[in-house]
Amino acid sequence: MPEFVVEARGLKKAYGETKAVDGVDLVVERGHVFGALGPNGSGKSTTVRMLLGLARPDAGDVRLFGERLGDHAPELLRRVGAVVEQPAFVPYLSGRDNLRLLERYTPGAGEAGIERALDRVHLTEAAHRRFKNYSLGMKQRLGIAAAILNDPELIILDEPTNGLDPQGTREIRELIPELAAEGRTVVLCSHLLHEVEMVCDAVAIFQRGRIVAQGQTKELTRGHTRLEVRVPDMEAAGAVLAASPWAANVHREDGSFFIEGAIDQGVEVNRLLASQGYYASVIRPVQQTLEEAFLEITGEVTSV
Amino acid sequence: MSERLREEAGWLWDALQAEWFKVTRRRMTYICLGVFSALVLLFYVILWLRIREGPGDRASEFAFWIALRGALSFRNVVPYSLNLERFFATLVCVIFAGTMMGNEYDWRTVGVVTSRGVRRWHFVFAKAVSGVVFTVVCLLLGFLVAMAASAWFTNLYGLNWGAFDAARVADILTGLLRTTFVILPFVFLSLLLSTVWRSAGQAVGAALGIFFMEGIFIALLNAARGWISYLPDFFFSVNVDAVMRGNGTFSDNGGGPFILGSGGPPEWRGLLVLAAWISLFVLGAFWRFQRRDIQE
């Protein structure tokens, strides 16, 4: 039986007439890197705020580490590290002093832990500078340092690569699997599909306050695989395929045929074409990307 | 003490330490204290300049001059300087308390702290304690400045130094306590408003607005008849004056800025009404912070 670090059942939250979250059921297994994916305003951040006790659900229940958040919020939240939306710190304090401040609120890491966290996000050299003088990327790094400061079991990162340069983005993407390898569970909220696909092994897709798909990343994309076939004489080969058992699933796109659901039937397709004198130059299974799966599930293109 | 209580007390202590860490590194803290001390000193200097001009020719002017000179003497340093301080300290402490809480919303750091498992009431408790401690520090500092100015003035004009005994020390301590107490309703009002509006600017503006505008409403209501005319009895300034008179009324004829006259409600009633306001504001701030979403 899998151990759920996060369990949210029937979560609802409305702001006036606007339903920010409308019946979200979410489970995150221990040790997973879980991606909450969706366009801006789809309910990800509101859900995260409810997971962290910053917003009270209108309905539904949140459990962290198997216990109800409402009953044990402080005890449970001390096992969580999070960055919600933009990292927020005291502007007149240095990066190091901001971590010292958080360490005073929830002691445990000590000076050594603070230096370790700073080092891990490559912020040691700039740690003496005031937070208000930090670039957006440095603020993000400090946010992550704060999230990992107290050696949490669960780390929730909301758009952690916002404002980071490509190098910084890569470092964070490398850091997330490292954190998971240490036995932590990571929840990554992002609207960047390729980011989620690269680092997350499980995904929930948010749309208009609901989760429209949830599961292992591989499962979500596996259902959307197809066979690409390229033949020099496309017209004649098209006629052969149109008369084949896969006829209903064949469509032509950018100089290739794509046969839906025939990912493991490359040999049969090749044999059929060859028997008619057409020799394929390319036959290969094409795994749909998470982006394609997302667009197919949500039907949304513009905001992602 | 049970393990649970010990843990809870430890967490509360952590919240207080964190607040101390913030407040002592905040430039605003030192600006407020510096401005306050300067205002107290400036006021003593202005009054000294007035006294240097002499009493004037008319009898009423002479009485005013005598009262003013007496107010600045070391003998009256407790009632006079504390009443003077009370005014300026209220301004400074309202700004301190409002920004202390409101800035946490403006910077969104309140969410960072509470999402790390800090109990909400611990967070507000630490703020409330900081507000009280700052008020005491502010008054002590101002009192030291006033004592120095008054000593110099007393020496210059050969005025009455008053007694130097245990009773005097007790007077000073109770005077500081009284003055702290009458400032706290405004401090906690500022704390409550910054919690309600999640903003420093609005809270400080509204609290100072009430502080300055109250006198106008009291004058209007005093002119009314029936039950409405009793409403000012529950306003701040009437009860603040009632408590501050306990520090010593030293002029029955008026006689200059910050010199209290006699009359008004008894001290115990002033204490009671202000205690009720303090309780209301503190409970309101705690309740609002506890019940409401930190971020929307």
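Predicted model only: the values in this text are computed from it and were never measured.

Peer 1: Got a sec to walk through the overall build of chain B? Specific residues and values, please.
Peer 2: Counting its secondary structure elements, chain B contains ten helices and zero strands. At 21 Å, chain B has a C-alpha radius of gyration in line with the 19 Å of a compact globule built from 296 residues. Considering only C-alpha atoms, chain B reaches an extent of 70 × 50 × 35 Å along its principal axes. Counting every position in chain B, which comprises 296 residues, the buried fraction comes to 42%. Considering only intrachain contacts with a sequence separation of at least 6, the fraction spanning at least 24 residues in chain B is 79%.

Peer 1: For the interface of chain B and chain A, give the residues involved together with the corresponding values.
Peer 2: Each side of the interface is counted separately: chain B has 25 residues, and chain A has 27 residues. Residue assignment for the side of chain B that touches chain A shows that the elements contributing at least two residues are α1 (3–24) and α5 (109–114) of chain B. Residue contributions to the side of chain B that touches chain A peak at six residues, all from α1 of chain B. A breakdown of the residues in the side of chain B that touches chain A according to their chemical character gives eight nonpolar, seven polar and ten charged.

Peer 1: Tell me about the domain arrangement of chain A, and please be specific about residues and values.
Peer 2: By the assigned domains, chain A splits into domain 1 (4–221) and domain 2 (225–287). The C-alpha-based centres of domain 1 of chain A and domain 2 of chain A are spaced at 44 Å.

Peer 1: Lay out the pairing of strand β11 (residues 225–230) of chain A with the relevant residues and their values.
Peer 2: Residues and elements named next belong to chain A. When β11 meets strand β14 (residues 282–287), the two strands line up antiparallel, connected through six bridges. Looking across to β14, one finds that R226 is bridged to V286. Of the strand pairs in this sheet, β11 and strand β13 (residues 256–260) are connected by four bridges, and their pairing is antiparallel. From the neighbouring strand, L227 faces β13, where its bridge partner is I259.

Peer 1: For the confidence of the model for chain B, give the residues involved together with the corresponding values.
Peer 2: Per-chain confidence: chain B averages 90 in pLDDT, with 95% of residues scoring 70 or above. As a predicted assembly, this complex carries a pTM of 0.85 together with an ipTM value of 0.88.

Peer 1: Quick one: what's the story with the sheet that holds β14 of chain A, residue by residue and with numbers?
Peer 2: Residues and elements named next belong to chain A. The four strands are arranged β12-β13-β11-β14 in an open sheet whose pairing can be described as antiparallel. Lying at the two open borders of the sheet, with one neighbouring strand each, are β12 (250–253) and β14. Here the strands of the sheet are splayed against their neighbours by 30 degrees on average, with no regard to which way each runs. Helix α10 (residues 266–275) contacts β11, β13 and β14 of the sheet and is inclined by roughly 150 degrees relative to β14.

So, how was this worked out
- Residues numbered from 1 in each chain as written.
- Chains lettered and ligands numbered in written order.
- Predicted model: local features only at pLDDT ≥ 70, side-chain atom pairs only at ≥ 80, totals over all residues.
- Helix = DSSP H or I, 4+ residues; strand = E, 2+ residues; numbered from the N terminus.
- Rg over C-alpha atoms; globule rule 2.2 N^0.38 Å.
- Buried ≥ 20, exposed ≤ 12 C-beta atoms within 10 Å, placed from the backbone.
- Contact = placed C-beta atoms within 7 Å.
- Nonpolar A, V, L, I, M, F, W, Y, C, P; charged D, E, K, R; others polar.
- Domains from an automatic or database assignment.
- Pairing = 2+ DSSP bridges.
- pLDDT = per-residue confidence, 0-100.
- Axes fitted to C-alpha atoms, helices over the stretch in contact; angles between N-to-C directions.

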